[in-house]
Amino acid sequence: MGMENIYDLDFIASKSVARGNSYPNHGKVYYKTNEDLVNTVLDVDFKDKEVFSVLSSGDHVLTARFLDAKRVDAFDINRLTPYYFYLRLWSIKYRGELYPNIYHNKWMNDLLSQVKAKTLQEKMAVFYYKKHLANKTPLDKLFYDVESQPEGNTLYTKAEELKDVTSPVIDFWTVDLFSEINIPRIYDIALTSNTFDWGRNDKDKLIKARNNLLKLLKDDGVCIASKIVNYSQSNEKDIFKEFFDIEETKGGVIYRKRM
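Just so you know, the residues in each chain are numbered from 1, in the order the chain's sequence is written. A pLDDT threshold of at least 70 governs which residues receive local features in this predicted model, and a stricter bar of 80 or more applies before side-chain atom pairs are shown or counted, although totals over entire chains, interfaces and linings include all residues. Here the side-chain values reflect all heavy atoms present in the structure, with hydrogen atoms and water set aside.

Tallying secondary structure elements over the protein gives seven helices and seven strands in all. Under the scheme used here, helices are H or I runs from DSSP no shorter than 4 residues and strands are E runs no shorter than 2 residues, and both carry numbers assigned from the N terminus. Ordered by position in the sequence, the α and β elements of the protein form the string α-β-α-β-α-α-α-β-β-α-β-α-β-β. Both definitions apply: the radius of gyration is a C-alpha atom measure, and the globule rule equals 2.2 Å times residues to the power 0.38. Compactness check: the protein gives a C-alpha radius of gyration of 18 Å against a globular reference of 18 Å for 259 residues, within 12% of the reference. Along the three orthogonal principal directions, the C-alpha set of the protein runs to about 55 × 35 × 35 Å.

Okay, here's the thing in structure tokens:
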């Protein structure tokens, strides 16, 4: 499928999502993190490291950049997350706001008029949102309800703290950690969010996720599995302990790959 067709599919799928329907590899996006992204990362040195991060609300990627990672690549099974990531960057860069105002079309139109897109993906994201506004899509319906989500925790509280990490250049991989994946890079750190919870009580899924991380991480690599605030964590530790040293934190689990 050509790139233009993929973007067309993303728009069509997102219209369906906004109507409350499901579509493969397309779904509602988290507006902000519902995890503790402070206590999970304090014991890991990100400076000059190469990071493979879930995209989701964008807060994991922004956290890695904030901590001076050299490179941050992103992954998610949901193809709508990159569009929101650009919206986050634009909100920070052009409006000085940590999160975009998805509830007011005038705010959105004003923001899009300021964007000076530098990459093809960023240009397509501008087009994506302009098309939604022209079609009067209720943009808030593309997101999980914020009020129903636990309040997460980040190292930053103001947009100005992130002003130096708004580069739109990012490699994004549409992958499922529970299926075999082949990415031609290896990383120092993997940020997997609470992904393992989706494989809870499914040993085969968790083994596939573990094996993917064994391939993705360098010999001394680290996986940080944060958890949703006030929720219990999955039971993957028994499966990971054969190849990883395990460190419990207030916000999740750190898996350190054995040499």
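A few words on the sheet that holds strand β2 (residues 71-76). Strand pairing is assigned whenever DSSP detects at least two bridges linking the two strands. Spatial strand order, β3-β2-β1-β4-β5-β7-β6: seven strands in an open sheet with mixed pairing. Two strands bound the open sheet, and with one partner strand each, they are β3 (172-174) and β6 (244-249). Sheet twist, expressed as the mean angle between neighbouring strand axes with direction ignored, is 20°. Examined bridge by bridge, β6 and strand β7 (residues 252-257) share six bridges and lie antiparallel to one another. The residue of β7 that forms the bridge with F244 is K257. Residues are treated as being in contact if the distance between any of their heavy atoms lies within 4.5 Å. All axes here are fitted lines through C-alpha atoms, helices being fitted over the stretch that makes contact, and every angle between N-to-C directions spans 0 to 180 degrees. The strands touched by helix α2 (residues 59-66) within the sheet are β1 (50-54), β2, β4 (187-191) and β5 (217-226), with β1 carrying the most contacts at an inclination of about 160°.

With that out of the way, let us pick up unusual backbone geometry. The backbone of D68 sits at a positive phi, close to 70°, despite the residue not being glycine. Within the secondary structure, D68 is located in the loop between α2 and β2. In this structure D68 comes out as partly exposed when scored by relative accessible area, which is 44%. Here S193, not a glycine, exhibits a phi torsion of approximately 55°, which is positive. Mapping S193 onto the fold places it in the loop between β4 and α6 (203-216). Type-normalised accessible area, obtained with a 1.4 Å probe on protein chains alone, sets the label of each residue: buried when under 20%, exposed when over 50%, and partly exposed for intermediate values.

Another aspect to go through is helix α3 (residues 81-95). Relative to the 21 Å expected for 15 residues at 1.5 Å per residue, α3 spans 20 Å between its end C-alpha atoms, a close match to the ideal helical length. With 13 of 15 residues buried, α3 is to be regarded as a mostly interior element. With its phi angle positive at about 65°, G96 sits one or two positions after the end of α3. The length a helix should cover is 1.5 Å for every residue beyond the first.

Locating H132 in the fold gives a position in helix α5 (residues 120-134). Ignoring anything within four residues of it in the chain, the contact list for H132 reads F11, S14, K15, T137, L139 and L142.

In this section: the nonpolar core. Ranked by internal contacts, the top residues of the largest apolar core, which has 53 residues, are F46, W90, Y129 and I224. Within the residue set of this core, elements represented by two or more residues are α1 (3-18), α2, β2, α3, α4 (105-114), α5, β4 and β5. If you look at the next biggest cluster of nonpolar residues, it comprises 24 residues, including F75, I181, F196 and C223. Here the nonpolar core consists of buried residues drawn from Ala, Val, Leu, Ile, Met, Phe, Trp, Tyr and Cys, with membership extended through side-chain atoms lying within 4.5 Å.

Now for the pairing of β1. A large share of β1 lies buried, amounting to four of its five residues. Two elements, β1 and β2, share five bridges in a ladder whose sense is parallel. In the sheet register, V51 faces β2, and the bridge partner there is V72. The path from the first strand over the helix to the second decides the hand: if it runs clockwise while the strands point away from the viewer, the crossover is right-handed. One crossover worth recording links β1 to the parallel β2 by way of α2, and it is right-handed. Of the strand pairs in this sheet, β1 and β4 are connected by three bridges, and their pairing is parallel. Across the sheet, residue F52 finds its bridge partner in β4, namely A190.

Its location among the elements puts D36 in the loop between α1 and β1. His residues and chain termini do not enter the charge count, which takes Lys and Arg as positive and Asp and Glu as negative. Salt bridges are identified by distance alone: a Lys or Arg side-chain nitrogen within 4 Å of an Asp or Glu carboxyl oxygen. Although D36 is buried, it makes no salt bridge; K250 carries the closest opposite charge, 5.5 Å away. In the analysis that follows, any N or O atom pair within 3.5 Å is treated as a polar contact, provided that within protein one partner can donate a hydrogen and the other can accept it, and provided that, for residues neighboring in sequence, both atoms belong to side chains. At a separation of 2.7 Å, a polar atom in the side chain of D36 contacts the side chain of N39.

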